[in-house]
Each structure stands twice: as structure tokens, then as C-alpha cells.
Amino acid sequence: EQLGVPVLAMVRPLQAQEGTGVDALQVHKAPDAIESESFRTLRTALAFSGGDVSRLVISSSEPGDGKTTVLANLAASYAKTGRKTLMIDGDMRRPGLTTLFGLRNETGLSDLLKSQDDLMEMCSQRIYATEIEGLDILPSGPQPSNPSELLHNPRLGDLFSWVETVYDQVLIDTPPVLAASDAAIIGR
């Protein structure tokens, strides 16, 4: 109300799901629960918002607001409609999405941005399929000493151009906006 923007959906407090990866996702574990419906409502509201929502950056104001939970459940709801969906963990400071899917020690976004190797080949080696058909994840990769500077690399734009040719939906998890400028850099 203070910002003068519409509310797209209200996500109820969620019970923690046991497990990791898709087993920790509300829309996968309890698809018929009312809590899961809020993610489908959000997906539908975004579809009717009138803009191009094929690439979404998800952030929050502070840590612990639930941005990673919303992103992962929203991505799963997109994949369940048949849209080929990619989740990118762009939070190279505290990679919650990477941790949620048990990919903490795997290569990922930071490697892609640092390298000069063929982007398509690197992506094929660093994007992981999940147990939900059509839902993939690009983890954050090893934590760099300079995440903001690394995100200014032109390869980020090349990555987005490539994923748009392969995926119908791309969701990017970023650090909270009050903690770092990374969300603004990725959002451009």
C-alpha cells in the first residue's frame, strides 16, 4: 500500500519440509495443500501482469525473508506446467539455493563468469537436472572474493542470452538488496 504496487500473492508461513532438493519444496511434497496454491497464484498473477516474465530476479530486503523458498517453489510450479525452467543461484555470498539442492561443492555460476572457455559446453557441465521434469539448476559455484565485480563480466549477458534459447523460464536468486548490490547488477 505504501509503495503503490499490487500484491501478486500472499505466501502463508510454511512448515519446514524434511529433505533437500525438490523434497524440501512445498509444491512437490504437498501439491494439494493450500500453502502450495499460493505459488500457483503467484505464477498466474505474474503471467497476467502484462510484462515479459520469462526471466525473474528474486530478492528481498533482508536475509531470512524467504526469497530462496519462494524462488524454488515458484520454479517448480512453472516446471509442473511443462515450462522448461532454470534456477540460477546468483547469490555467491550465501548461496541458499545451492545449499538447498545439496550442490555446495559443485562448479557453477562463478566458474562460468571467470572462464573464457566455450559457454555452451561449460553450461552443459554445470547445469544439473532435478527430480522434477523440466526443472534444472545452475549452482553458485565456489565463492569468489569479488562477487559484485564478477557479475559485471559481459559473460553474464552471454549466459542470459544462451539460457533464453534453451529455457522457457529463468529464475535468479540474488542476495538481499540491503546486503549487496548484486541484485541490481543482475536485474539490469
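Treat the numbers as computed from the prediction; the structure is a model and nothing was measured.

A. Summary view of the overall build of the protein. Counting its secondary structure elements, the protein contains 9 helices and 5 strands. What you see in the protein, going N to C, is helices and strands ordered as α-α-β-α-β-α-α-α-β-β-α-α-β-α. Relative to the 2.2 N^0.38 estimate, which gives 16 Å for 188 residues, the radius of gyration of the protein is 16 Å and therefore close to what a compact globule would have. Here the protein holds 188 residues, and 48% of them are scored as buried. In the protein, the share of contacts with a sequence separation of at least 24, taken over all contacts with a separation of at least 6, comes to 73%. Total accessible area on the protein is roughly 9800 Å²; 49% of this is exposed by carbon and sulfur atoms. Taken as two groups, the 16 positive and 25 negative side-chain charges of the protein have centres that lie 1 Å from each other.

B. Molecular detail of the environment of Leu103. Of note, Leu103 is situated in the loop between helix H4 (96-100) and helix H5 (109-114). The exposure class assigned to Leu103 is buried, which follows from its relative accessible area of 11%. Sequence separation between Leu103 and Ile137 is 34 residues; the distance between their C-alpha atoms is 9.5 Å. Sequence-distant contacts of Leu103, that is, excluding residues within four places in its chain, are made with Thr98, Tyr128, Ile137 and Pro139.

C. Broad picture of the packing of helix H6 (residues 119-126) against helix H8 (residues 155-166). At their nearest, the axes of H6 and H8 sit 11 Å apart, and the two run at 70° to each other. Taken as axis vectors, H6 and H8 run roughly perpendicular relative to one another. Residues Leu119, Met120, Met122 and Cys123 of H6 touch H8, and the partners they reach there are Arg155, Asp158, Leu159 and Trp162. In terms of residue class, the contact of H6 with H8 is made up of 6 nonpolar, no polar and 2 charged.

Analysis parameters
Residues numbered from 1 in each chain as written. Predicted model: local features only at pLDDT ≥ 70, side-chain atom pairs only at ≥ 80, totals over all residues. Heavy atoms only, no water. Helix = DSSP H or I, 4+ residues; strand = E, 2+ residues; numbered from the N terminus. Rg over C-alpha atoms; globule rule 2.2 N^0.38 Å. Buried < 20%, exposed > 50% of the residue type's maximum accessible area, 1.4 Å probe, protein only. Contact = heavy atoms within 4.5 Å. Areas by Shrake-Rupley, 256 points an atom, 1.4 Å probe, with all protein chains shown as cover. Lys, Arg positive; Asp, Glu negative; His and termini not counted. Charge placed at Lys NZ, Arg CZ, Asp CG, Glu CD. Axes fitted to C-alpha atoms, helices over the stretch in contact; angles between N-to-C directions. Parallel < 35°, antiparallel > 145°, perpendicular 65-115°, else oblique. Nonpolar A, V, L, I, M, F, W, Y, C, P; charged D, E, K, R; others polar.

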